[in-house]
Amino acid sequence: MKRRRDQKPAVVVLLAAVITALLLTAVLWHREPDITPETRGEYTGPYTRRDTITVNGRQYAQRGRLDTLLMLGIDQSGNVTSADHRSGGQADFLRLLVVDHEQKRVTQIELDRDTVVPITVLSVTGVRRGTREAQICLAHAFGDGKLESNALTAEAVSRLLNVPIRNTLSVNLDSIPVINDFVGGVTVTVEDDLTAADPTLTPGAVVTLTGKQAEAFVRSRRGVGDGSNPQRMKRQQVYISGLMTRLKARMDENQNTIPQLTEALGSSLCTDISRGRLTNDAWVARDYEQVYVTIPGTSAVKNGFRVFYCDEQALAQLVLDVFYKPID
């Protein structure tokens, strides 16, 4: 497994802000379900992809009007392009958005950046050299640091869940203060002791975060509690919830919110979806029900580095619940 420095900032959770706006958005493709021949067969495990599956004697069919968007936060600043196909930056924040148009629901699946999964390895000339087991955050390091790296990360997520990923959207470290200050700051109650990163972030304090404070709030990990990524993910979700509320309120007041935000993000935003599509579709899904889930599992330290192993049974159930529906 490729080494990573644990000191590296765990990125852009503000990116999840983009999730509300851009999120509620990009995934939406107003098309009818694909019509394909039905395939029948026994359910053999969490990674079996079928149009129709049988679990515990009951049949399930794939949900028809689903779209997926993988949101990534990258631990680099500036307009970086990887010339050697191995320095594209790590995806320290990963969240898969599943938009169900029939149920009018957006399910946000947060993925632990330390999740062990087969990732695609490229040579320095960009030639695929197969896969290896590694932290999923490292998948983005291969490729060009842009859309190719996003796509390689989507491949890794697809292997983990055994579902196709239609689109990707990433932002880098430069986006943190931009997104936070765009909504006028986010008010949070500080639960962890974050004074090592910012002396004002004491336990119990109620703070409306500025750009730099927001960065400390969502990125701090070393020396905070048990230092684990799952603990930080809980704090990130607190921030994201507040951020999403502020963004939605701004969208209600100003229909130009999304184009203004994407313009403010500039080159720190990288996506395979047109900005116009992001803007238009945001309005369609902004009132969809929002569901947030994480995948349970086990954190460990291997060769001095943190890793996370998903609970396969829980993962299989999550895929069944989100991507399939029972046949009555």
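Bear in mind the structure is a predicted one, so any value in this text is a computation, not a measurement.

Undergrad: Describe the nonpolar core, listing the residues and the values that go with them.
TA: In terms of nonpolar packing, the biggest core is built from 41 residues, with Leu 96, Ile 119, Val 157, Leu 161, Ile 295 and Phe 323 touching the most fellow members. Contributing elements (two or more residues each) for this core: strand S1 (52-55), strand S3 (66-74), strand S4 (91-100), strand S5 (105-111), strand S6 (116-122), helix H2 (147-161), strand S14 (305-310) and helix H8 (312-323). Counting 28 residues, the second-largest nonpolar core is a separate cluster that includes Met 71, Val 171, Val 207 and Ala 216.

Undergrad: Go over the sheet that holds strand S15 (residues 324-326) with me, naming the residues and quoting the values.
TA: The sheet built from 3 strands is open, its strands ordered S1-S2-S15 with antiparallel pairing. This sheet does not close on itself; its edge strands, each paired only once, are S1 and S15. Taken pair by pair, the neighbouring strands of this sheet meet at an average axis angle of 35°, ignoring direction. Sheet topology places strand S2 (residues 58-62) next to S15; 3 bridges connect them, and they run antiparallel. Within S15, the residue paired with Gln 62 across the bridge is Tyr 324. Lying on the sheet, H8 is in contact with S1, S2 and S15; it crosses S15 at an angle near 75°.

Undergrad: Explain unusual backbone geometry residue by residue, including any values.
TA: Glycine aside, residues mostly have negative phi, and peptide bonds are mostly found in the trans state. We note that His 85 has phi near 60°; this positive angle belongs to a residue other than glycine. Structurally, His 85 is set in the loop between S3 and S4. By relative accessible area, which is 18% here, His 85 ends up buried. Its identity is not glycine, yet Asn 303 carries a phi of approximately 55°, on the positive side. By the secondary structure assignment, Asn 303 is in the loop between strand S13 (297-302) and S14.

Undergrad: Quick rundown of the packing of aromatic side chains? Include the residues and the values.
TA: All chains considered together, the criterion is met by 1 aromatic pair. Consider the rings of Phe 217 and Tyr 239, whose centres lie 6.4 Å apart with planes at 45°: the pair is tilted. Highlighted residues: Phe 217 in helix H4 (residues 211-219) and Tyr 239 in helix H5 (residues 229-253), separated in sequence by 22 residues. As far as burial versus exposure is concerned, Phe 217 and Tyr 239 are alike and both buried. The ring of Phe 182 carries Arg 250 above its face, with NZ or CZ at 3.8 Å from the centroid.

Undergrad: Any details on the pattern of salt bridges? Residues and values, ideally.
TA: Applying the stated rule across the entire model yields 12 salt bridges. One salt bridge connects Asp 67 with Arg 166, and the closest N-O pair in it is separated by 3.0 Å. Residue Asp 67 is located in strand S3, and its partner Arg 166 is located in the loop between H2 and strand S8 (167-172); the two are separated by 99 residues in the primary sequence. Its relative accessible area of 2% is what places Asp 67 among the buried residues. Between Lys 212 and Glu 215 there is a salt bridge; the shortest N-O distance is 3.8 Å. In this pair, Lys 212 and Glu 215 both sit in helix H4, 3 residues apart, roughly one turn of the helix. On the basis of relative accessible area, Glu 215 is assigned to the buried category, the value being 17%. One salt-bridge network, held together by shared partners, links Asp 92, Arg 113 and Asp 114.

Undergrad: Hey, could you go over the packing of H4 against H5 for me, with residue numbers and the actual values?
TA: Contact geometry of H4 with H5 gives a least axis separation of 8 Å together with a crossing angle of 140°. When the axis of H4 is compared with that of H5, the two are oblique. On H5, the residues that touch Ala 214, Ala 216, Phe 217, Val 218 and Arg 219 of H4 are Arg 232, Arg 235, Gln 236 and Tyr 239.

Undergrad: I'd like to hear about the packing of helix H3 (residues 175-182) against helix H6 (residues 257-265), residue by residue, with values.
TA: Put simply, H3 and H6 touch, their axes get as near as 10 Å, and they point 150° apart. With respect to H6, the element H3 is oriented roughly antiparallel. Of the two possible hands of crossing, H3 and H6 adopt the one that is right-handed. Note on element contacts: H6 touches H3 through Thr 257, Gln 260, Leu 261, Ala 264 and Leu 265, opposite Ser 175, Val 178, Ile 179 and Phe 182. Here the contact of H3 with H6 is composed, by residue class, of 6 nonpolar, 3 polar and no charged.

Conventions we followed
Residues numbered from 1 in each chain as written. Predicted model: local features only at pLDDT ≥ 70, side-chain atom pairs only at ≥ 80, totals over all residues. Heavy atoms only, no water. Core = buried A, V, L, I, M, F, W, Y, C linked by side-chain atoms within 4.5 Å. Buried < 20%, exposed > 50% of the residue type's maximum accessible area, 1.4 Å probe, protein only. Helix = DSSP H or I, 4+ residues; strand = E, 2+ residues; numbered from the N terminus. Pairing = 2+ DSSP bridges. Axes fitted to C-alpha atoms, helices over the stretch in contact; angles between N-to-C directions. Contact = heavy atoms within 4.5 Å. Phe/Tyr/Trp six-rings, centres within 6.5 Å; stacked < 30°, edge-to-face > 60°. Lys NZ or Arg CZ within 6 Å of the ring centre and 35° of its normal. Salt bridge = Lys/Arg side-chain N within 4 Å of Asp/Glu carboxyl O. Parallel < 35°, antiparallel > 145°, perpendicular 65-115°, else oblique. Left-handed = near helix turned anticlockwise from the far one by under 90°. Nonpolar A, V, L, I, M, F, W, Y, C, P; charged D, E, K, R; others polar.

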